Each structure stands twice: as C-alpha cells, then as structure tokens.
Amino acid sequence: MSVLLQARDLVRLYRLRRGIFGRAVELRAVDGLSLTLQRGRTLGLVGESGCGKSTTGRLVLGLEAPDAGQVQVDGAPMPPIGGRAWRQQRARMQMVFQDPLGALDRRLSIGAQVEEPLIIHGLPAGPARVAELLMEAGLRPDHAQRYPHELSGGQRQRAVLARALATAPELLVCDEPISALDVSIQAQVMNLLMELQARRGMAMLFISHDLRAVRQVSHRIAVMYLGRIVEEGEPDEVLKTPAHPYARALVSAIPHPGRRGRRILLTGDPPNPADRPSGCAFHPRCAEAVARCRTEAPVLRPRPDGRLVACHLAHAPLLSQVA
Ligand code: SF4
C-alpha cells in the first residue's frame with residue numbers, strides 16, 4: 001500500500017479569553033502529532049472527547065491550518081487554505097460528520113445536495129449520476145426527491161456519504177460517523193463504509209471514542225490523549241495487549257462477557273488541554289507513574305514488536321532479551 005497523506009508534528013493552538021478580566025488562555029488541542037494514511041487502509045483514531053481527535057481530522061483535511069508542522073498529500077505540502085490549488089486538493093478528501101442532519105441543508109432536496117459537488121467541480125452531473133451515487137450509498141433513486149427531515153438517521157448518513165462520494169475522494173475522514181445513530185443502524189453504516197473502501201480503494205481516518213467500532217473498521221489504531229498519540233499499532237495487538245496505561249484503561253472499559261481482569265478506573269481530573277500537566281500529560285491519572293513521569297514527557301517511539309508507544313515504562317527490555 002502506498003502512502004497518500006502524512007502529517008508531521010502538527011500543533012494546533014486556540015487562544016481563549018477566560019474570567020472577568022479576560023485572561024488569555026492557550027489551549028493546545030493538537031500537540032506534536034504525526035500520522036500516516038495509506039491508500040485503501042483505515043487508521044482508527046480513538047480517545048476521550050476533548051482529546052483533539054476532531055481537530056486532527058480538520059487539520060488532515062486542510063480545513064484548518066496548523067500552527068506548526070505540515071500535512072503532505074502525495075509528498076507535496078497542503079496548499080494554503082482558500083486558494084484554487086487547495087480547492088482542487090479538497091475535492092480529493094471528504095468528511096463525514098457525526099450529525100448528518102446538521103451536515104445537510106434542510107431546505108434542499110437530497111438530490112440537489114448530492115449533485116452540488118458535481119456541479120462545483122465541473123464533473124458529469126444530472127439525475128442519472130445522482131441516482132448512481134445514492135444507490136452506491138444504499139439509498140433508492142427516488143430518495144433524491146426527499147428532504148433531510150423525511151429520512152431516517154441512517155438514511156441521512158447514507159445521503160451524506162453519497163454526497164461525499166461525488167468527487168471520487170481518495171480520503172474519507174469520518175468523525176464519529178455512527179455515534180448519533182441507533183445501535184441497529186450503526187453496523188449497517190460501518191459495513192457500508194468498509195464496502196465502499198474495498199470498492200474504491202479510499203484511505204479512511206475513522207475518528208471515534210468507541211474502541212469496538214474503531215477495531216471493526218481499522219487496519220491500524222492510534223490512541224490519543226491530550227493532543228498526542230500515545231499508542232499506535234495493529235488493532236489486535238492494541239486491543240489484546242495494550243501497552244500504554246491509558247490504552248489499557250480504555251480497553252478494560254469495553255464490556256465483554258468473557259473478560260478476565262477488572263476494569264481500570266481512571267482517577268484524577270479529566271484532561272484539560274488549557275492546563276497540560278508537566279512531563280507525561282497522563283501522569284496525574286496514571287496508577288503506574290514514577291518520579292520521572294512528572295518531569296519528562298515520553299516520546300512516541302517504536303518497540304521491538306513494531307508498536308509505537310509513548311510511555312517510559314513501555315520500552316523496558318523483555319526478560320528474554322536481557323538473558
Ligand atoms: Fe504512566 Fe509514566 Fe507511562 Fe505516563 S510515562 S503513561 S505517567 S507510566
């Protein structure tokens with residue numbers, strides 16, 4: 001598989017004013033994050049809400065410019081936002097949002113909304129092409145005449161997908177695409193995403209707080225905490241033997257009838273990107289923290305098993321290697 005997109009050392013800051021005196025606060029939503037997206041493969045990005053997952057998705061798509069770092073598509077830097085080259089690049093990459101009703105225009109028919117990107121990008125349009133796209137997303141051609149409020153939640157998300165497919169994207173960024181759907185519909189939308197990827201060879205960045213959903217669709221999983229990736233590896237490895245204490249806590253929270261071992265309850269305050277702890281940002285909540293964790297930030301680096309982990313204790317040599 002070839003590399004479609006690389007993000008290197010991305011930083012995204014938001015400057016907020018807080019309190020009656022309007023004290024300026026700097027919020028580091030993404031803090032030195034790197035990732036690689038391969039053609040035809042899915043990278044699952046998982047973590048608690050507020051950890052910077054959605055900001056990462058917008059940076060990857062070029063909807064926001066990073067304060068530092070760079071996104072490269074096919075080895076070339078993402079063009080400046082708003083220009084002609086950027087618009088051409090954007091046609092190659094589409095986003096599917098959590099709330100399909102919010103992503104659709106309630107005043108326009110589904111057909112008009114699916115046709116819109118075809119017209120904007122000068123692609124063959126018309127009812128026949130719209131019908132093809134609707135059917136590819138699992139809708140009927142007559143859904144083109146309906147309005148968003150006349151569709152179910154699952155049908156709306158399919159309509160969003162049909163519109164996203166119009167420009168034949170090479171990358172689909174799916175930001176919590178199933179969390180607003182009924183449980184019975186979630187599996188259908190996940191299966192559709194996997195079918196579309198197999199048929200079209202798209203890369204996908206699948207963003208979710210649901211580790212089970214991420215595991216189902218992903219070829220690789222990245223666990224994110226306070227703006228950084230703390231573990232990245234094959235889904236089975238990360239789910240069966242999570243190496244980072246935060247990943248272990250996430251995995252232990254997945255309900256599983258046959259699971260041995262107890263759920264790891266995280267203690268301490270929830271993460272606040274405006275007040276990042278020193279050293280390892282996870283140390284106030286980590287039961288395994290040692291003195292070094294309070295002062296020295298661990299670097300995301302590979303282990304002998306190929307997994308990337310950012311934890312001082314996850315790189316200790318195995319006993320078999322020491323002997
Ligand atoms: Fe816990 Fe220390 Fe590892 Fe951070 S570096 S996850 S605080 S053990």
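Owing to the predicted nature of the structure, the values given are computational and were not obtained by experimental measurement.

Cut-off values and rules
The residue numbering used here restarts from 1 in each chain and proceeds along that chain's sequence as written. Local features are withheld for residues below a pLDDT of 70 in this predicted model, meaning they are given only at 70 or higher, and side-chain atom pairs are given and counted only at 80 or more; totals for whole chains, interfaces and linings count all residues. To obtain the side-chain values, all non-hydrogen atoms of the structure were included, while hydrogens and water were left out. By convention in this text, a residue qualifies as near a molecule or strand provided that one of its non-hydrogen atoms is within 4 Å of it. Put simply, the grid is 1 Å and covers the protein atoms alone, a cavity is a trapped set of points that fit a 1.4 Å probe, a pocket is an open set with protein on both sides within 12 Å along at least five of seven lines, and lining residues have an atom within 4 Å of a point. Whether a molecule sits in a cavity or pocket is decided by its atoms, more than half of which must lie within 2 Å of the grid points. Helix numbering and strand numbering both begin at the N terminus, where a helix is a DSSP run of H or I of at least 4 residues and a strand a DSSP run of E of at least 2. The pairing criterion for strands is at least two bridges between them, as found by DSSP. Grid points are joined across faces, edges and corners, and a volume is the space filled by probe spheres set on the points. We call Asp, Glu, Lys and Arg charged. Ala, Val, Leu, Ile, Met, Phe, Trp, Tyr, Cys and Pro are nonpolar, and the rest, Gly among them, are polar. Three labels apply to residues, based on accessible area from a 1.4 Å probe with only protein chains included: buried if under 20% of the type maximum, exposed if over 50%, partly exposed otherwise in between. We call two N or O atoms a polar contact when they sit within 3.5 Å, provided that within protein one can donate a hydrogen and the other can accept it, with sequence-adjacent residues counted only if both atoms are side-chain atoms. We call two residues in contact whenever any of their non-hydrogen atoms come within 4.5 Å of each other. By convention a nonpolar core is built from buried Ala, Val, Leu, Ile, Met, Phe, Trp, Tyr and Cys residues, the set being connected through side-chain atoms within 4.5 Å. Whenever Lys or Arg places a side-chain nitrogen within 4 Å of a carboxyl oxygen from Asp or Glu, that contact is recorded as a salt bridge.

Peer 1: Got a minute to help me understand the site of the ligand in this structure?
Peer 2: Not every one of the 13 residues close to the ligand is listed here, only the nearest: Cys280, Cys286, Cys293, Cys311 and His312. Of all the cavities here, the one that holds the ligand is the second largest cavity.

Peer 1: In this structure, what is going on with unusual backbone geometry? I would like to understand it.
Peer 2: With glycine set apart, most residues show a phi of negative sign, and most peptide bonds adopt trans. With a phi angle near 50 degrees, Asp9 is a residue other than glycine that sits in the positive phi range. Turning to its location among the elements, Asp9 is positioned in strand E1 (residues 3-18). Unlike most non-glycine residues, Asp74 shows phi in positive territory, near 50 degrees.

Peer 1: Any chance you could explain the sheet that holds strand E9 (residues 220-225) here in plain terms?
Peer 2: As a general point, the strands of a sheet are linked pairwise by backbone hydrogen bonds and lie either parallel or antiparallel. Spatially, E6-E7-E8-E3-E9-E10-E12-E11 is the arrangement adopted by the eight strands of the open sheet, whose pairing is mixed. Every interior strand has two partners, whereas the edge strands, strand E6 (93-96) and strand E11 (301-302), have only one. Here strand E3 (residues 42-46) runs beside E9; their pairing, made up of four bridges, is parallel. If you follow Leu45 over to E9, its bridge partner there is Ala222.

Peer 1: Would you explain empty space enclosed by the protein in this entry?
Peer 2: Over the atoms, a rolled probe matching the size of one water molecule traces out where space is still vacant. If you walk through the whole model with that rule in mind, you get two cavities of 30 Å³ or more. Looking at the largest cavity, its volume works out to about 100 Å³. Top element by residues in the lining of the largest cavity is strand E10 (residues 228-233). It accounts for three residues. Across the lining of the largest cavity, the residue classes tally to eight nonpolar, one polar and two charged. Each pocket or cavity is described by its volume, and for the second largest cavity that value is around 80 Å³. In terms of lining residues, the second largest cavity is bounded by 14 residues, among which Pro245, Cys280, Cys286, Cys293 and Cys311 are the most central.

Peer 1: I keep staring at the pairing of E3 and nothing clicks. Help me out?
Peer 2: Most of E3 sits inside the fold, with five of its five residues counted as buried. The two faces of E3 match: Thr42, Gly44 and Val46 on one face and Leu43 and Leu45 on the other face are all buried. Relative to strand E8 (residues 203-208), E3 is paired through five bridges, and the arrangement is parallel. Bridging across to E8, Thr42 finds its partner in Met204.

Peer 1: Can you help me understand the side chain of Ser218 in this one?
Peer 2: By secondary structure assignment, the location of Ser218 is in the loop between helix H8 (211-217) and E9. For Ser218, the side chain forms a polar contact with the main-chain nitrogen of Gly44, separated by 3.3 Å. Here the side chain of Ser218 touches Val214 through a polar contact of 2.6 Å, landing on its backbone oxygen. Once residues within four sequence positions are removed from consideration, Ser218 is found in contact with Thr42, Leu43, Gly44 and Pro235.

Peer 1: What's the story with the layout of surface pockets in this structure? I'm lost.
Peer 2: Quantified by volume, the largest pocket comes out at close to 480 Å³. Around the largest pocket, the lining comprises 19 residues; the ones closest to its centre are Arg90, Gln94, Pro117, Ile120 and His121. For the lining of the largest pocket, the secondary structure elements donating two or more residues are helix H2 (84-91), E6, helix H4 (110-120) and helix H6 (153-165). For the lining of the largest pocket, the element with the most residues is H2, which contributes six residues. The residue makeup of the lining of the largest pocket, split by class, is 10 nonpolar, four polar and five charged. Roughly 300 Å³ of volume is contained in the second largest pocket. Forming the boundary of the second largest pocket are 15 residues, of which His209, Leu250, Ala253, Ile254 and Arg263 lie nearest the centre. Elements supplying a minimum of two residues to the lining of the second largest pocket: H8 and helix H10 (245-252). Partitioning the lining of the second largest pocket into residue classes produces 10 nonpolar, one polar and four charged.

Peer 1: Can you walk me through the nonpolar core in this structure?
Peer 2: Grouped together as the largest cluster of nonpolar side chains are 54 residues, with contacts concentrated most on Leu134, Leu161, Leu172, Leu193, Phe206 and Val223. Contacts of Leu161, omitting those with residues within four sequence positions, involve Val96, Ala137, Leu172, Leu192, Leu193 and Leu196. By size, the runner-up hydrophobic cluster in this structure holds 28 residues, among which are Ala7, Val71, Val73 and Ala203.

Peer 1: Would you mind going over the pattern of salt bridges with me for this structure?
Peer 2: Any two side chains of opposite charge can pair, given that their charged atoms come close. Following the criterion strictly, the structure yields 29 salt bridges and no others. Note that Arg39 and Glu170 form a salt bridge whose closest N and O atoms lie 3.6 Å from each other. Placement of Arg39 in the loop between strand E2 (23-38) and E3 and of Glu170 in the loop between H6 and strand E7 (171-175) is noted, with a sequence separation of 131 residues between them. Asp142 is paired through a salt bridge with Arg140; the nearest N and O atoms lie 2.9 Å apart. Residue classification places Asp142 among the partly exposed positions, given a relative accessible area of 33%. Note on Arg140: relative accessible area 42%, which makes it partly exposed. Connected through salt bridges with shared partners, the residues Arg15, Glu26, Arg28, Asp31, Arg228 and Arg276 form a single ionic network.

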